[in-house]
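Here is what each chain is made of, one letter per residue.
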Amino acid sequence: MSSTEAPERFEYLQSLVTEFQDTDSEEAKEQVLANLANFAYDPKNMEYLRELQVPDLFLDMLTEENQNFVEFGMGGLCNLSMDPECREVILQSGGISLVTNCLSNRREETVLSAVTTLMNLATPATRPQISEPGILQCMLRFSLAESPRLRNLAAVFLQDCCSEEQVRQAQQQTEGRQTAVGIPLPKE
Amino acid sequence: MHFLTNMAAPVNNRSDCWRVPEVYKHHEQQRVCISRPKYREGRKAKAVKVYTINLESRYLMVQGVPAIGVMTELIQLCALYGSVEEYRPLDEYPAEEFTEVYLVKFQKLTSARAAKRNMDEKSFYGGVLHVCYVPEYETVEDTRLKLQDRRSYIARAARSRAKQREKTEATQESLVLSEAPTSSDKISTSRDVTSRNEDTGEALSLSHYSEFPPLPLPPQEHCSFRQKSHRRLVPTEDKMGTLHNAFYNVEQQQVDSLSSNPTTSNREQGTESRLGPNPGSGVRFIPRITNLESRKRKVEESGEPAANVSGENEPLIGPKLPEAAKLDMEDESLNTTVGLIRSTMKQVGSVPDLKTAKKKAKPRRRI
């Protein structure tokens, strides 16, 4: 697709969104969703996707039964949330709680996207919400996971998104528990 | 052999931490999607997969390398896309018979991206390469830097888009208000719009690099102006993710704005007669820069107000020529690249020809 024709780009993205909304085929929906999520990786498209309300579309996917929808939607949000303006839109739509729920997803890609998205959503205003004990304990568990990617992301989260004191408190709370109550690690 | 020394070490101290690395699901090639409607069918059939920053990495794994001792050639090929920091064979990774697997760490993610795009599914010495990202080889610091780089790139892109938008809006306003818009305003608007849409890579100023070949710069001993000129070597990447030192010359910008002047037609002859060849160089080609500098000096000496030869704030007259690519021809890495290409060509050429290499001189009929 040529990069110089901006209106055609917008129209193409619009036709993807339209197909997603109109089609009954799950398979077609998955393909289009993946397309949109991949387009969200390129900063050139972020403004158009915002105008087409695609951040909200992605957020809607997080509560779907179809796990591909969840994974692709979460991936799209991971890509979009890097952009400051998209971040605002996601926050205004209650993104933090929706994304936090994805931390307990069984698919690793979904969880990785969720952790990264939460880091992207961390601003001075949202930091208290993002570094809640529940989330920190989850990250502590992730930092001991077998998956190197998950370990690394969790480590970066704990180092960058909260204070050492908060991490210590969360650690104490985890150790105090007898049973492994909490967010299970995802399976591959 | 070059070995990777700072791999992510397993956190647990179990005795089996030296086990065979897991064949992660995201390394496997997925089945290609065949049911896409025409309007969204790409040029190449692809699987349904979403790429996020977590799947990408400056660590690449190359599978399917024929086990015939071509590691050096493989790394040379990788180096065409950007600096390779480290590499090693992954003996412990399951490989098809008669093939090897390599881990290659690039200095930049954009280089790895370009290498993957260009090398995946390509044939190489009789085999087919399968190239994929291997972010599990990152250290925590690698991951953090990757995310930070990505965020600042997106933020930069957003800022420049906002600036372009403001510029376009401001210019459009002035176009609406003024009755006779100057040609330069129109030109700058259209350039803004195209450059906004064309730029994909991080080095926004190099958007024209892939379209126009660089002009050869004169050899070093020839031009004293180069020492005077204010320049900075900026390590940058072109769209291909190839790292090079871009020659960023403040005066160069002046020259480029002046290059729209059509009086440089017979520069070689003209300047030779004016300046004469520099002593001790024996090089005939006089650069345009010197020509314009000398003209500038002459104008300043004569005290004439110059419409063309002044500063950067003069309005452009006529279409603006694209800036010559800012490439430092003295950089050693270019010789390395040329050397690599030459040696590859030599190897290709070393396959015996069926025809004789030399053409026999045909007997010419003299009339």
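As a reminder, the structure under discussion sits directly above these lines.
Report on the accompanying structure. Everything numeric in this text was worked out from a predicted model, so none of it was measured.

Within chain B, the secondary structure is distributed over nine helices and eight strands. In chain B, which comprises 367 residues, the share counted as buried stands at 36%. The long-range fraction of contacts in chain B, counting pairs at least 24 apart against all pairs at least 6 apart in sequence, stands at 71%.

Take unusual backbone geometry next. Residues and elements named next belong to chain B. The phi dihedral of Phe 98 falls on the positive side, at around 65 degrees, and the residue is not glycine. Mapped onto the secondary structure, Phe 98 falls in the loop between strand S2 (84-89) and strand S3 (99-106). When its relative accessible area of 67% is taken as the criterion, Phe 98 is described as exposed. Despite not being glycine, Tyr 125 shows a phi value in the positive range, around 50 degrees. Within the fold, Tyr 125 resides in the loop between strand S4 (123-124) and strand S5 (127-128). Using a relative accessible area of 40% as the deciding quantity, one classes Tyr 125 as partly exposed.

For the rest of this paragraph, the subject is a nonpolar patch on the surface. Taken together, the side chains of Leu80(B), Ile341(B) and Met345(B) present a nonpolar region at the surface, about 270 Å² in accessible area. Considering the arrangement of structural elements, one finds Ile341(B) in helix H9 (residues 332-349).

On to the pairing of strand S1 (residues 59-66) of chain B. Residue and element names in this part refer to chain B. Burial of S1 is extensive: eight of the eight residues sit out of reach of the surface. Pairing geometry for S1 and S3, over six bridges, is antiparallel. Within S3, the residue paired with Val 62 across the bridge is Tyr 102.

At the junction of the two partners, chain B supplies 45 residues and chain A supplies 47 residues. Between chain B and chain A, roughly 4,000 Å² of surface is buried when both sides are summed, and carbon and sulfur atoms account for 51% of that area. Counting across the interface, chain B meets chain A through three salt bridges. Between Arg165(B) and Glu47(A) there is a salt bridge, and its shortest N-O distance comes to 3.1 Å. Between the two partners, chain B and chain A, sit 16 residue pairs in polar contact (both at pLDDT 80 or more). Only helix H3 (140-177) and helix H4 (183-198) of chain B provide two or more residues apiece to the side of chain B that touches chain A. Of the residues in the side of chain B that touches chain A, the class split is 19 nonpolar, eight polar and 18 charged.

Rules behind the numbers
Counting from 1, residues in each chain are numbered in the order their sequence is written. All chains are assigned letters beginning at A, and all ligands numbers beginning at 1, according to the order in which they are written. It should be noted that, the model being predicted, local features are given only for residues of pLDDT at least 70 and side-chain atom pairs only at 80 or more, the latter also being counted only at that level, while totals for whole chains, interfaces and linings use all residues. Only heavy atoms go into the side-chain values, all of them from the structure, while hydrogens and water stay out. In this description a helix means any DSSP run of H or I spanning at least four residues, a strand means any run of E spanning at least two, and both kinds are numbered starting from the N terminus. Exposure categories follow from relative accessible area, calculated using a 1.4 Å probe and restricted to protein chains: below 20% of the type maximum is buried, above 50% is exposed, and the middle band is partly exposed. Note on contacts: a residue pair qualifies if any of its non-hydrogen atoms lie within 4.5 Å across the two residues. Each patch is built from residues lacking any salt bridge and having more than 30% relative accessible area; the joining distance is 9 Å for like charges and 5 Å for nonpolar side chains (Val, Leu, Ile, Met, Phe, Trp, Tyr). Accessible surface area values rest on a Shrake-Rupley calculation with a 1.4 Å probe, where residue burial reflects the displayed protein chains alone. Between Lys or Arg on one side and Asp or Glu on the other, a salt bridge is scored when a side-chain nitrogen of the former is within 4 Å of a carboxyl oxygen of the latter. Pairs of strands are assigned from DSSP output, requiring at least two bridges between the strands. Two parts placed together each lose some accessible area under a 1.4 Å probe, and the buried area is that loss summed for both. Any pair of N or O atoms that falls within 3.5 Å is considered a polar contact. Within protein, one atom must be able to donate a hydrogen and the other to accept it, and sequence-neighbouring residues count only if both atoms are side-chain atoms. Polar here means any residue other than Ala, Val, Leu, Ile, Met, Phe, Trp, Tyr, Cys and Pro, which are nonpolar, and Asp, Glu, Lys and Arg, which are charged; Gly is therefore polar.

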